[in-house]
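Overview (structure and organization)
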Amino acid sequence: MTLMCFNSATKKSDGACPSVCACPFLLLPVCGNDGVTYDNECLMECQGCVKLACRILATKVTDGECPKQCACPLILSPVCGNDGVTYDNECLMECQGCVHLGCL
């Protein structure tokens, strides 16, 4: 007996297929404990679970976008930004989008 396959599946990737998230199209950003900003809490719970392979479920840390992650040296050389904030160093200030003024 010969099996005829008319619509055979082909490999897309290794591992399990990702879950399909049935979430509303709402833009209410939340920051997950994985450092990712999700469009809404439903997507965070679904996509965060897939990303972390459900070993650890992504949970909401805050409403809104996650803070920008900076790859700056751990050097204490304070600078004052045009926003009136003192930053530990110029790299951290620039990472936050400020312009160095050299506070007087």
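Since we're looking at a predicted model, the values are computed, not measured.

Attention shifts here to the side chain of N40. Take N40: it is sitting in the loop between β2 (37–38) and α1 (41–51). Beyond its immediate chain neighbours, meaning those up to four positions away, N40 contacts C23, P24, L26, L28 and V30.

One open sheet accounts for three strands, arranged β2-β1-β3; its pairing is antiparallel. What marks the edges here is a single partner per strand, and that holds for β2 and β3 (60–63). Note that strand β1 (residues 30–32) and β2 share two bridges and pair antiparallel. Following the sheet pairing, V30 is matched in β2 by Y38.

The next subject is the state of the cysteines. Summed over all chains, the structure comprises two disulfides. With its sulfur 2.0 Å from that of its partner, C23 forms a disulfide with C42. Taking the sign of the S-S torsion, about -75 degrees here, the bridge from C23 to C42 comes out left-handed. Taken together, the residues C23 in the segment before β1 and C42 in helix α1 connect sequence positions 19 residues apart. Overall, C42 belongs to the partly exposed group, its relative accessible area being 27%. For C72, the disulfide goes to C91, at an S-S distance of 2.0 Å. Where C72 bonds to C91 through sulfur, the torsion about that S-S bond is close to -75 degrees, and the disulfide is left-handed. Placement of the pair is C72 in the loop between β3 and β4 (79–80) and C91 in helix α2 (residues 90–95), with a sequence separation of 19 residues. What makes C72 buried here is its relative accessible area of 17%. Judged by its relative accessible area of 29%, C91 falls in the partly exposed class.

For the rest of this paragraph, the subject is the environment of L92. Residue placement: L92 occurs in helix α2. Owing to a relative accessible area of 25%, L92 belongs among the partly exposed residues under this scheme. As a C-alpha pair, L92 and C72 span 20 residues in sequence and 6.3 Å in three-dimensional space. Those residues within four positions of L92 in sequence are excluded, and the remaining contacts are C70, C72 and Y87.

The rules we used
- Residues numbered from 1 in each chain as written.
- Predicted model: local features only at pLDDT ≥ 70, side-chain atom pairs only at ≥ 80, totals over all residues.
- Heavy atoms only, no water.
- Helix = DSSP H or I, 4+ residues; strand = E, 2+ residues; numbered from the N terminus.
- Contact = heavy atoms within 4.5 Å.
- Pairing = 2+ DSSP bridges.
- Disulfide = S-S within 2.5 Å.
- Buried < 20%, exposed > 50% of the residue type's maximum accessible area, 1.4 Å probe, protein only.

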